[in-house]
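One letter stands for each residue in the lines below.
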Amino acid sequence: MLSYSKKVIEHFKHPRNVGEIANADAEALEGSPACGDMLKITLKIDEKTHVITDIKFESFGCASNIATASILTEMVKGKTIEEAEKVTWKQAAEELEGLPPVKMHCAVLAVDALKSAIEQWKEKKGLADKKPTTPDKVLRKLRNVLNPLTGASIVRMQLLRDFDVADGVITIDLDLTPDHKFASHIQEEIHEKLDHLWDIKEVKINFVGELES
Amino acid sequence: MNEIYLDNATTTQLDPWVAEEMRPWLLEKYAAPTGHFGHQASLEAKEKLEQARAAIAESINAQPEEIVFTSGGTEANNLAIQGYLKSLKKPVHVVTTAIEQESVLNTLRALQKDGVELTEVGVDQDGFIKLEEFNAALRPETVLCSVQLVNQEVGTIQPLAQIGRICAEKSIPLHTDAVHGWGMVGLDVKKMNLSLAALTAHKIHGPKGIGALYKRKDVKLSPIMYGGYNEFELRPGTENLPGAAGMAKAIGMMKPEHIEHIDKLRRMMWGAIGSQIPWVHLNGSVDRGAPHILNVTFDYIEGESILLRLDMQGIAVATGSACFSKALEASYVLLAMGRPHEQAHGSMRFSFSRFNTDEEIAKTLDALKEIVSDLRKLSPLTPRKEA
């Protein structure tokens, strides 16, 4: 057995809140089967109190993908969307008694899917407006891209050398070599976090790490 | 330990008879097989080592002096490729396939940094080398070809006799990584015109930590490690005599009836999966594949989840899913076969041995049907009408 906690295995074996809510108030599909993890979250939200009255998920993914989605649905059911938005991927991982570093990105995916669904609902209700993508927002998103080796953010690990947002193009310089073991994984994760932003046409990623001579 | 072990392409159970064969050389006759002028114990050890060498040579239609013992398949591949290229003093070009095991691919890719030019020939959708592409890749400066005997993930048997003929016509030495085929499918170094071939013991119920490189007499190699003058001055270090004895015993114990049994289990498994579980794809070929490897994709679900659920029921298998890989990347073998990423993520490898039984296959099938159906209920991709 992998180094999964008992709680991860418990949720993997008996996932809570599985399925799809008919006539959901909001839904989000994050990730893609090509990347190996994909999550669909559907929500029922009380319009007056903003309380999440029901939440269900479906997952194409590994054990930690299923377990993080399952625990997250438990954590936010009955909470207001404002409270739910504050839940971080670290809290979800802690609630599962930890995740292996290489699997932390699954917790990020689950939290992102929830946030997307809430954001969509707020947009629908006119509670949020479309703001242009700022460097601050890009940095916030990049903090959720993890180095699978350590499970810590690429920003904290100083793998992000530089980035720039201009004319709908985000350019990112990573302090990694193109043949780094996790280069293609990190690249996919960055695209997953940024490609869908409404005013972004292109995300360019450069690997500028020093090549060994 | 798992009750049902279907991960025999990763490694196999040591046969108790092989362990018996090794025992005296571990416990009582522990002298090193130093050479021809040692003490009695060492001479006896030397004789045993040479017997093992001869038995292994015979199994591939080679001469005893063409067998160099190594620590396993990885070292044998490294010695073959690095040792051969090192012996040449000119710019070189090497041709291999895109689906070789890492100890071939990563060795060659590392050598690219030293100026070795490399062509990785593609495979078709069933995992067989594209012979036209292979032919076209050969150049006047091509000094080595490396094509595996059996693929480690999907079990395809490459047409080595044909490839050997092409190489012989152009006088290009052919190396084969035979780690996944030795003992399971035919391997004849003369019929296949092989110059080099890597073997290992632990895939056929021998011990881990012992392998061998076949090196045709006229092929020149340089050592890649330095030390004493063991193994024809190609591989220093005290010889692993218990390992060598076990390896010879293991190959001697591979009988045609075992292969038949293993092949029957594989066909039984695929027959049942194909007819009883919807949305599955075979990766590889049943009729042109090795008897012990079956690779199947289960659409709409991910391999690590299947693996863990089977493990909870005591069944050990392998998967090509990225979630299970150390680099979080889907199986490069399946991608080279043109499978989309999602099919690679949902791929499972079942690999069999003579110790597996019909009942184990039936139990695995029952578990698999339930698990696949459960996970599909959870997946946003499953077509809902028939699920």
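Counting restarts for each chain, with residues numbered from 1 along the sequence as it is written. Whichever chain is written first becomes A and whichever ligand is written first becomes 1, with later ones labelled in order. Residues qualify for local features only when their pLDDT is at least 70, as the model is predicted, and side-chain atom pairs are given and counted only at 80 or more; totals for whole chains, interfaces and linings, by contrast, use all residues. As a rule here, side-chain values come from all non-hydrogen atoms in the structure, and water together with hydrogens is ignored.

**Student:** Quick question: what am I supposed to make of the nonpolar core here?
**Tutor:** Where a protein is soluble and globular, its nonpolar side chains tend to be buried together. Note on terminology: a nonpolar core comprises buried Ala, Val, Leu, Ile, Met, Phe, Trp, Tyr and Cys residues joined through side-chain atoms within 4.5 Å. For every residue, the accessible area obtained with a 1.4 Å probe (protein chains only) is divided by the maximum for its type, and the residue is called buried under 20%, exposed over 50%, and partly exposed between those limits. Core analysis: the biggest nonpolar cluster contains 129 residues, and Leu43 of chain A together with Phe134, Ile273, Phe298, Phe350 and Leu368 of chain B have the highest contact counts within it. Numbering of helices and strands starts at the N terminus; helices are DSSP runs of H or I of at least 4 residues and strands are runs of E of at least 2. Per element, the largest residue contribution to this core is eleven residues, and it comes from helix H5 (residues 104-124) of chain A. For this analysis, residues touch if any pair of their heavy atoms sits within 4.5 Å. Setting aside its immediate chain neighbours within four residues, Leu368 of chain B contacts Met269, Ile273, Ile277, Phe298, Ile306, Leu310 and Phe350 of chain B. Grouped together as the second largest cluster of nonpolar side chains are 22 residues, Leu79, Ile81, Val94 and Val104 of chain B included.

**Student:** Would you take a moment to explain the interface of chain A and chain B for this structure?
**Tutor:** When the parts come together, some accessible area is lost, and that loss is often what is quoted as the size of the interface. At the junction of the two partners, chain A supplies 30 residues and chain B supplies 26 residues. Interface area for chain A against chain B, summed over the two sides, is near 2400 Å², with a carbon-plus-sulfur share of 67%. Each salt bridge in this description consists of a side-chain nitrogen of Lys or Arg and a carboxyl oxygen of Asp or Glu lying within 4 Å of one another. Where chain A packs against chain B, one counts one salt bridge. Across the pair Glu304 of chain B and Lys103 of chain A runs a salt bridge whose closest N-O atoms are separated by 2.7 Å. Once two parts are brought into contact, the accessible area they lose, counted with a 1.4 Å probe and summed over both, makes up the buried area.

**Student:** It is not clear to me how the domain arrangement of chain A should be interpreted in this structure. Could you clarify?
**Tutor:** Residues and elements named next belong to chain A. Annotation comment: domain bounds sourced from an automatic or database domain assignment. With domains assigned, chain A is organised as domain 1 (6-124) and domain 2 (135-207). Measuring from the centre of the C-alpha atoms in domain 1 to the corresponding centre in domain 2 gives 23 Å. Roughly 1000 Å² of surface becomes buried between domain 1 and domain 2 when both sides are summed, with 53% attributable to carbon and sulfur atoms. Here domain 1 and domain 2 share one salt bridge between them. Across the pair Lys193 and Asp112 runs a salt bridge whose closest N-O atoms are separated by 3.7 Å. Under this definition, polar contacts are N or O atom pairs within 3.5 Å; protein pairs additionally need one hydrogen-donor-capable and one acceptor-capable atom, and for neighbouring residues in sequence, both atoms have to be side-chain atoms. Applying the counting criterion to the domain 1 and domain 2 interface returns one residue pair in polar contact (both at pLDDT 80 or more).

**Student:** So what exactly am I meant to see when it comes to the sheet that holds strand E8 (residues 211-215) of chain B here?
**Tutor:** Backbone-to-backbone hydrogen bonds join strands into a sheet, with any given pair of strands oriented parallel or antiparallel. All names here are of chain B. Pairing between strands requires that DSSP locate at least two bridges from one strand to the other. Here we have seven strands laid out as an open sheet, ordered E2-E8-E7-E6-E5-E3-E4, and mixed in their pairing. Every interior strand has two partners, whereas the edge strands, strand E2 (67-70) and strand E4 (117-121), have only one. Sheet twist, expressed as the mean angle between neighbouring strand axes with direction ignored, is 20°. Only the contacting stretch of a helix is used when fitting its axis, a line to C-alpha atoms as for every element, and angles between N-to-C directions run 0 to 180 degrees. Each of E2 and strand E7 (196-200) touches helix H2 (residues 40-59); the most contacted strand, E2, lies at about 115° to it.

**Student:** Help me understand H2 of chain B, please; the structure alone is not making it clear to me.
**Tutor:** Note on helix geometry: an α-helix contains 3.6 residues per turn, so any two residues three or four positions apart are oriented the same way. Residue and element names in this part refer to chain B. By definition here, a helix of n residues has an expected span of 1.5 Å times n minus one. In this model H2 runs 29 Å from its N-terminal to its C-terminal C-alpha over 20 residues, within 8% of the 28 Å that 1.5 Å per residue would give. All of the buried residues in H2 are Ser42, Ala45, Lys46, Lys48, Leu49, Ala52, Arg53, Ile56 and Ala57. Residues of H2 that are buried in the fold lie against helix H1 (16-27), E2, E7 and helix H7 (241-252). Positioned one or two residues after H2, Asn61 has a phi angle of 65°, which is positive.

**Student:** Would you mind showing me how to read the packing of H5 of chain A against helix H7 (residues 183-194) of chain A here?
**Tutor:** Geometrically, a packed helix pair is captured by the angle between its two axes and the distance between the axes. Residues and elements named next belong to chain A. Following both chains from N to C, one finds H5 and H7 inclined at 10°, their axes separated by 12 Å at the closest point. By the criterion of interaxial angle, the relationship of H5 to H7 is roughly parallel. Contacts between H5 and H7 involve His105, Val108, Leu109 and Asp112 from the first element and His185, Glu189, Glu192 and Lys193 from the second. Under the scheme applied, nonpolar residues are Ala, Val, Leu, Ile, Met, Phe, Trp, Tyr, Cys and Pro; charged residues are Asp, Glu, Lys and Arg; polar residues are all the others, including Gly. Residue classes in the contact of H5 with H7 are distributed as two nonpolar, two polar and four charged. Just so you know how the angles are binned, under 35 degrees is roughly parallel, over 145 roughly antiparallel, 65 to 115 roughly perpendicular, and the rest oblique.

**Student:** It is not clear to me how the domain arrangement of chain B should be interpreted in this structure. Could you clarify?
**Tutor:** All names here are of chain B. Entries for chain B in the domain assignment read domain 1 (16-252) and domain 2 (255-386). One C-alpha centre belongs to domain 1, the other to domain 2, and the line joining them spans 29 Å. Each partner contributes residues to the interface: domain 1 has 27 residues there, and domain 2 has 24 residues. Note on domain 1 versus domain 2: buried area summed over both sides is about 2100 Å², and carbon and sulfur give 57% of it. Among the residues of domain 1 in contact with domain 2, Glu153, Val154 and Met184 are the three that bury the most area, contributing 32% of the side total. Where domain 1 touches domain 2, the interface holds zero salt bridges. Where domain 1 touches domain 2, the interface holds eight residue pairs in polar contact (both at pLDDT 80 or more). Looking at side-chain class alone, the side of domain 1 that touches domain 2 contains eleven nonpolar, eleven polar and five charged residues.

**Student:** Got a minute to help me understand the packing of H2 of chain B against H7 of chain B in this structure?
**Tutor:** Residues and elements named next belong to chain B. Axis separation between H2 and H7 bottoms out at 9 Å; the angle between their running directions is 35°. By crossing handedness, the relation of H2 to H7 is classed as left-handed. Residues Ala45, Lys48, Leu49, Ala52, Ala55, Ile56 and Ser59 of H2 lie in contact with H7, whose contacting residues are Leu241, Ala244, Ala245, Met247, Ala248 and Ile251. Along the lines of polarity and charge, the residues of the contact of H2 with H7 split into eleven nonpolar, one polar and one charged. Two helices that cross are described as forming a left-handed crossing if the nearer one is turned anticlockwise from the farther one by less than a right angle, and a right-handed crossing if clockwise.

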